[in-house]
Amino acid sequence: MQEKVSAGQLASIIILFQIGSSSLFLLASDAKHDAWISVLIAMLMGLAMLVFVTMPIQAKAPQASLIEILNRYFGKYLGFILGLSFIGYFIYKSVRNVREFGDLVILYMLPRSSLDTIMLVLMCVGAYAIFHGLEVFFRVGQLVLPWLLLIYIVLFAFLFASGLVDFRRLLPVLEEGWKPVWDAAIPEVISFPFGEMVVFLMFWKHLGPFNKFKKFSMISYICSGLFIVVTNILIITVLGDISGAYVIPFMFSTSLIQVGGFLERMDPFVSLLLFGGVFFKQATYYFAAVLGTSELFKVKYRTMVIPVGAAIFFGARLFRSYIEQIRVGFDYNLKLHFPIFQIVLPVILVLVMMITHWVKRKRKQKDPVSSPPSNE
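About the criteria used
Residues numbered from 1 in each chain as written. Predicted model: local features only at pLDDT ≥ 70, side-chain atom pairs only at ≥ 80, totals over all residues. Heavy atoms only, no water. Helix = DSSP H or I, 4+ residues; strand = E, 2+ residues; numbered from the N terminus. Rg over C-alpha atoms; globule rule 2.2 N^0.38 Å. Buried < 20%, exposed > 50% of the residue type's maximum accessible area, 1.4 Å probe, protein only. Contact = heavy atoms within 4.5 Å. Areas by Shrake-Rupley, 256 points an atom, 1.4 Å probe, with all protein chains shown as cover. Patch = residues over 30% accessible without salt bridge, like charges linked within 9 Å, V, L, I, M, F, W, Y side chains within 5 Å. Salt bridge = Lys/Arg side-chain N within 4 Å of Asp/Glu carboxyl O. Lys, Arg positive; Asp, Glu negative; His and termini not counted. Charge placed at Lys NZ, Arg CZ, Asp CG, Glu CD. Expected span 1.5 Å × (residues − 1). Bend = angle between axes of the 7 residues up to and from the residue. Polar contact = N/O pair within 3.5 Å; in protein donor to acceptor, adjacent residues only side chain to side chain.

Participant: Requested: an account of the overall build of the protein chain, with residues and values cited.
Facilitator: Helix and strand content of the protein chain: 12 helices and 2 strands. The N-to-C order of helical and strand elements in the protein chain reads α-α-α-α-α-α-α-α-α-β-β-α-α-α. Against the globule reference of 21 Å for 376 residues, the protein chain gives a C-alpha radius of gyration of 22 Å, in line with a compact fold. Based on the C-alpha atoms only, the size of the protein chain along its principal axes is roughly 95 × 45 × 35 Å. By the burial criterion, 54% of the 376 residues in the protein chain qualify as buried. A separation of at least 24 residues holds for 83% of the contacts in the protein chain among residues at least 6 apart in sequence. When the accessible surface of the protein chain is totalled, it reaches about 17,500 Å², and 67% of it is carbon and sulfur.

Participant: I'd like a description of a positive patch on the surface, backed by residues and values.
Facilitator: On the surface, K60, K214, R361, K362 and K366 cluster together into a patch of positive charge. At 3 residues, the largest contribution of residues to the positive patch is made by helix α12 (residues 322-366). With respect to the element layout, K214 can be found in helix α8 (residues 213-239). We classify K214 as partly exposed; its relative accessible area is 38%.

Participant: Could you give me a rundown of unusual backbone geometry, with the residues and numbers involved?
Facilitator: With an omega of -10°, the peptide bond between L171 and P172 qualifies as cis. Following the sequence through the fold, P172 ends up in the loop between α6 (134-161) and α7 (179-191). Between F192 and the following residue, P193, the backbone shows a cis peptide bond with an omega angle of 10°. Relative to the helices and strands, P193 is located in the loop between α7 and α8. Not every positive phi belongs to a glycine, and K298 is a case in point at roughly 55°.

Participant: I'd love a proper account of α7, names of residues and values included.
Facilitator: Here α7 is 13 residues long and its end C-alpha atoms lie 19 Å apart, about the 18 Å a rise of 1.5 Å per residue gives. A bend of about 40° at A185 is the largest found in α7, and the proline P187 appears one to four places after it. Along α7, the residues classified as buried are V181, A184, A185, E188, V189, I190 and S191. Those residues of α7 that are buried are in contact with α2 (35-60), α4 (76-108) and α12.

Participant: A description of the side chain of H33 should follow, citing residues and the corresponding values.
Facilitator: You can see H33 is positioned in the loop between α1 (7-19) and α2. Assessed through its relative accessible area of 5%, H33 is described here as buried. At 2.8 Å, the side chain of H33 and the backbone oxygen of P172 are in polar contact. Apart from residues no more than four positions distant in its own chain, H33 is found in contact with R169, L170, L171, P172, E175, I236 and D241.

Spelled out as structure tokens, the structure:
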């Protein structure tokens, strides 16, 4: 694929991807009213991973995707196995987003609808966007981002105007010390959402002005991370320590809005945020899996849109219930599985790349330099 995207389009997709639906939930809820501190710590640790591990991988191989880098530095067979593993990780992350969206829509919006129908609609919209190419997908993200941010800003303003926000609910800070805050941040909040930037190793090489990928990636990551911290603070200041008792606490918070006796029931706007956030999150993983399979098996990427989409759809149907999906996600994925692909393998990869480049430099220094022929 030779398509290129602009720096602004890349930044828009990173922000949409990072925010996703995570701003609607209370992350690190075990830390109670100190949850926002856990989120801030996880964001800073994710930033360190981005700066010292993920982006250096791309910087050392600017014209290669993650699959190509794995093949180049781990060889044909091990590189193939690792590439296939990352594709499985991308597919599974998309599976979880699709299933979560379907379950939440049934729980809160369309209780009599078919789960398969809701998931199929989301998958078809994603497949349609991906089929039209990288430039179109990233351009759509650039168009949608301002509208979603506007909805968030309006809802924030209504929360303040309704008198629901009470910053005293954040006190006392660190009431139970640092341990609950650290335990809530590591590794759960790093795994979701701050460690997920590894997926952009499939997209960075398509940036038009490649030399700007670090600057725009860092700025968009920091902006989206701080935005998530702010939304968590607002959730706590509205609901207090009971925030974790609600499945979508931001939706419940906005349902309490009453301004001027006629502005209330903001659930439809939160539904738009949920759909927009989940769509770009799952579609980004979907697109990464499609690009990865096309590169790994040397086929055109459009031929993989339907097979990968079918794998995601049927994978999403394997969970027997929303409760099972949540249990698997928190007990196994966030603590055990996701850190392997977000932290362990990227660290190993960047070390292998550094050692390989160091060995090559040493060999060049040892090779005798032939003197240029004399003109005499």
